[in-house]
Amino acid sequence: MVIGERSPKKKNRRPDSAAETLDRMQSAGDRLAEWLEKKRTAILVILGLLLVGAAGYGYWSSAQADLQEAASIALARAHQGFMADMGASPSDILPTEPANPETATRVRREYVAIFAAVRSDHPGTPESQVAALQQGDLEQALGDSAAAEATWVGALSEGAPSDGLRGLILLRVAAAREAAGDWPAAAAFFEEAGGLSDFPLRSQALGDAARCYAEAGDDAMAIATYDRASGAEGRPLPVHIRSRIEELRAALSR
């Protein structure tokens, strides 16, 4: 059983819209890649803050200063090495895509192993969790969605040292479950991320949870989760989610 899975209520599904039908026609890998692309800006901002915070934590930790600093150095070397080997300049935020696809594939495979080594050498640190995020992203880019999800689930089981890190990992697993069509599990993972008080994307996570509950046929949970999202601080929820939930609310009130 997937972590956090809920059993959906069995209901007759309403006719799908053209957009929903098209979405279901996409492959699981394409859908997860599309989700990651749409969330890329917000995720990069948070990841950058986490990298800085992790480095700072490593330097100032009084109990394990040397070990933590070593973890920060290992992560920084892995990240900077990947950017350089992909052809990015020092000022670039995102890695460039090499002109030769074989080069891109080779570099990604190499750094899957490098980020995995950071995790195994520095377990239980913020750097290990960031390395898991990056390792899974590389596995996903290589087309191995199962390996990516296993990496993120493994990182969850280790216990993230902050809401920000745990929230990002939960979003990755939720998106992977959504891509696989496992709507109840996707909803539960999104909802867990939305319940983290210090996670900056919690309202968006709750909105995605409401959408997935609706897809699972659990209208009551979809509405309740949407109402939680509406009361949370953050950006307004997308129009398509609001419209879907209001349709469900109207149908249940008849």
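Trainee: Tell me about the overall build of the chain, and please be specific about residues and values.
Mentor: Across its full length, the chain carries 12 helices and 0 strands. Order of helices (α) and strands (β) in the chain, N terminus to C terminus: α-α-α-α-α-α-α-α-α-α-α-α. Within the span of the chain, comprising 254 residues, buried residues form 43% of the whole. Counting only carbon and sulfur atoms, one obtains 56% of the accessible surface of the chain, whose full area is about 12,800 Å².

Trainee: A description of the side chain of Glu149 should follow, citing residues and the corresponding values.
Mentor: Structurally, Glu149 can be placed in helix α7 (residues 145-158). If sequence neighbours within four positions are ignored, Glu149 has contacts with Val173, Ala176 and Arg177.

Trainee: Which residues make up the packing of aromatic side chains, and what values go with them?
Mentor: Inspection of every chain in the model, using the stated rule, returns 2 aromatic pairs. Their ring planes at 65 degrees and their centres at 5.6 Å tell us that Phe82 and Tyr111 sit as a pair that is edge-to-face. With Phe82 in helix α4 (residues 65-85) and Tyr111 in helix α5 (residues 101-121), this residue pair connects regions lying 29 residues apart in the sequence. Take Phe82: its relative accessible area is 8%, and that puts it in the buried class. Ring geometry for Tyr111 and Phe115: centres 6.4 Å apart, planes at 55 degrees, overall tilted.

Trainee: Any details on the pattern of salt bridges? Residues and values, ideally.
Mentor: The tally for this structure, following the rule as stated, stands at 13 salt bridges. Close ionic contact of Arg211 with Asp208 constitutes a salt bridge, the shortest N to O distance being 3.1 Å. You can see Arg211 and its partner Asp208 sitting in helix α10 (residues 202-216), 3 residues apart, about one turn around the helix. The class of Arg211 is buried, set by a relative accessible area of 15%.

Trainee: Mind laying out the nonpolar core, listing which residues take part and the relevant values?
Mentor: Counting residues in hydrophobic clusters, the biggest one holds 52 residues, and the most contacted among them are Phe115, Leu171, Phe189, Phe199 and Ile245. No other element matches α10, which puts 8 residues into this core. In this structure, Phe115 is in contact with Leu75, Ala78, His79, Ala131, Gln134, Gln135 and Leu138, ignoring residues within four places of it in sequence.

Trainee: Account for the environment of Glu191, naming residues and giving values.
Mentor: Here Glu191 lies in helix α9 (residues 183-194). C-alpha of Glu191 to C-alpha of Asp208: the two residues are 17 residues apart in sequence and 8.0 Å apart in space.

Trainee: For the packing of α10 against helix α11 (residues 219-231), give the residues involved together with the corresponding values.
Mentor: Viewed as axis vectors pointing N to C, α10 and α11 meet at an angle of 165 degrees, and their least axial separation amounts to 8 Å. Relative to α11, the element α10 is oriented roughly antiparallel. The element α10 and its partner α11 pack so that their crossing is left-handed. Here α10 contributes Ser203, Leu206, Gly207, Ala209, Ala210, Tyr213 and Ala214 to the contact with α11, which in turn contributes Asp219, Met221, Ala222, Thr225, Tyr226, Arg228 and Ala229.

What counts and what doesn't
Residues numbered from 1 in each chain as written. Predicted model: local features only at pLDDT ≥ 70, side-chain atom pairs only at ≥ 80, totals over all residues. Heavy atoms only, no water. Helix = DSSP H or I, 4+ residues; strand = E, 2+ residues; numbered from the N terminus. Buried < 20%, exposed > 50% of the residue type's maximum accessible area, 1.4 Å probe, protein only. Areas by Shrake-Rupley, 256 points an atom, 1.4 Å probe, with all protein chains shown as cover. Contact = heavy atoms within 4.5 Å. Phe/Tyr/Trp six-rings, centres within 6.5 Å; stacked < 30°, edge-to-face > 60°. Salt bridge = Lys/Arg side-chain N within 4 Å of Asp/Glu carboxyl O. Core = buried A, V, L, I, M, F, W, Y, C linked by side-chain atoms within 4.5 Å. Axes fitted to C-alpha atoms, helices over the stretch in contact; angles between N-to-C directions. Parallel < 35°, antiparallel > 145°, perpendicular 65-115°, else oblique. Left-handed = near helix turned anticlockwise from the far one by under 90°.

From the geometry alone we can't say anything about function, so treat these as descriptive.
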